[in-house]
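Residue-level structural notes
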Amino acid sequence: MYSQPIPDKYYKLTQYELDERIALMKEELADRVVILGHHYQRDEVIQFADYRGDSFKLSQLAASRSGADYIVFCGVHFMAESADILSADHQKVSLPDLNAGCHMADMADLDLVEECWEQLTDVCGDSTIPITYMNSAADLKAFCGENEGAVCTSSNALAVMDWAFAKKDKLLFFPDEHLGRNTGVARGINLNEMILWNPSEDMGGNTEEAVERAKLILWQGNCPIHQLFTPKQIDRLRQEVPDVKILVHPECRYEVVQKSDLNGSTAFILKTIEEAPAGSKWAIGTEMHLVNRLAQEHPDKWITSIDPNMCLCTTMNRIDTPHLLWTLENLLDDEVVNQITVEPEIAHWAKVALGRMLEIV
Ligand code: 13P
Ligand code: SF4
């Protein structure tokens, strides 16, 4: 994927100049542009978002804001692709820096999933339904659309799993093994009814009997950021701060989610903190930008990260104010830099899978 290079001059501007010019561009473009921002975006970027949200809310917004000619997506590639698929035909979607990918989404690709699907079909016939996490490429969403499956996000994974198990006996969940496992357990599935599918091994590294027995087949993929939180860190925190509440994203490992008090999407994390009483204490297991912002916005509450040395999501961080300004200034001349377009055939089936999700919830 080739990202159009941003002219150097944008990096020579001060933060003050960048902010002023972005505000001016927004005024000039007015209703022609809508800026969508994910909760993990930098503070200096998210302040310019017309709407903020988790990946579910942002997909709903992309589907419902047909007035604007342009959608500037401050998030990562799979989110901008979904916006392109769900938005009206005349709308153009830009991701200011195409290097804003997602490490987890890159852990599954269509060839490997099709190979897995073939092997599952050989062993289990048509008893499996595919569900892809929103954090996946459009062709994987299309694969689910074509094979009676759906998309889910961290805010609706349980409802989508319920829907899927009402249709078929087995579920293939990709690419996040942790969200799949955590949701499966929340739904009452035993760990011994789940298997892990390693895409680089024949039968995912499983025997035919294990595949036949399994209810939930979990693709071996993960978020390298959320995966780093550990149960030990939680134990230590609880010892040091006995009345602390642990709030994590379900992309964290099973053992971490089990030790937490609450888990949910970025929107759930935000809402929980907003509604928490003054004086309450929270250790949060998610990306640092969101944790830091929550701590700043709620000085009446004690808020920390489960791991204060945690690194941020480097791909989310690619979207910065120079890229945002460059994108907006080009839009004023009807030039769309780093446009996201999904091929019509893929977009059709991906929209089917996304549409099922939007209907389920
Ligand atoms: P949310 O859907 O909870 O916003 O999560 C997206 C994501 O990428 C988390 O790492
Ligand atoms: Fe992907 Fe993890 Fe970054 Fe979310 S935090 S966008 S899952 S790499």
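These notes cover the structure that comes with them. (Residues numbered from 1 in each chain as written. Chains lettered and ligands numbered in written order. Predicted model: local features only at pLDDT ≥ 70, side-chain atom pairs only at ≥ 80, totals over all residues. Heavy atoms only, no water.)

**Regarding the site of ligand 1**
- Ligand 1 sits among His-38, Tyr-40, Asp-54, Ser-55, Asn-135, Ser-154, His-226, His-249, Glu-251, Ser-265 and Thr-266.
- At a separation of 2.5 Å, an oxygen atom of ligand 1 approaches a polar side-chain atom of Ser-55.
- Ser-154 places a side-chain nitrogen or oxygen 2.8 Å from an oxygen atom of ligand 1.
- Within the complex, 96% of the 300 Å² of free accessible area of ligand 1 lies under protein.
- Of the residues assigned to the shell around ligand 1, the class counts are one nonpolar, eight polar and two charged. (Near = heavy atom within 4 Å. Polar contact = N/O pair within 3.5 Å; in protein donor to acceptor, adjacent residues only side chain to side chain. Areas by Shrake-Rupley, 256 points an atom, 1.4 Å probe, with all protein chains shown as cover. Nonpolar A, V, L, I, M, F, W, Y, C, P; charged D, E, K, R; others polar.)

**A few points about helix α5 (residues 110–124)**
- The first and last C-alpha atoms of α5 sit 20 Å apart over 15 residues, in line with the 21 Å expected at 1.5 Å per residue.
- Among all positions of α5, only Val-113, Cys-116, Trp-117, Gln-119, Leu-120, Val-123 and Cys-124 are buried. Around the axis of α5, the buried residues are gathered within 165° of arc, so they sit on the same side. Across from the buried face of α5, at angles greater than 90 degrees, the exposed residues are Asp-111, Glu-118 and Asp-122.
- Buried-residue contacts for α5 involve β5 (128–133), α6 (138–146), β7 (170–174), β8 (194–197), α9 (208–213) and β9 (216–219).
- The N-cap of α5, judged by a side-chain oxygen 3.2 Å from the amide nitrogen of Asp-111 a few residues on, is Asp-109.
- Positive backbone phi, approximately 65°, marks Gly-125, located one or two places after α5. (Helix = DSSP H or I, 4+ residues; strand = E, 2+ residues; numbered from the N terminus. Expected span 1.5 Å × (residues − 1). Buried < 20%, exposed > 50% of the residue type's maximum accessible area, 1.4 Å probe, protein only. Arc of directions from axis to C-beta. Contact = heavy atoms within 4.5 Å.)

**Some details on the site of ligand 2**
- As a structural note, the neighbourhood of ligand 2 is formed by Tyr-40, Cys-102, His-103, Asn-135, Cys-223, His-226, Glu-251 and Cys-313.
- Of the residues assigned to the shell around ligand 2, the class counts are four nonpolar, three polar and one charged.

**Some details on the nonpolar core**
- Membership of the largest hydrophobic core comes to 124 residues, with the highest contact counts inside it found for Leu-171, Phe-173, Ile-284, Leu-324 and Leu-328.
- The residues touching Ile-284, leaving out its near neighbours within four places in the chain, are Leu-247, Ile-269, Ile-273, Val-291, Leu-294, Ile-303, Thr-304, Ser-305 and Ile-306. (Core = buried A, V, L, I, M, F, W, Y, C linked by side-chain atoms within 4.5 Å.)

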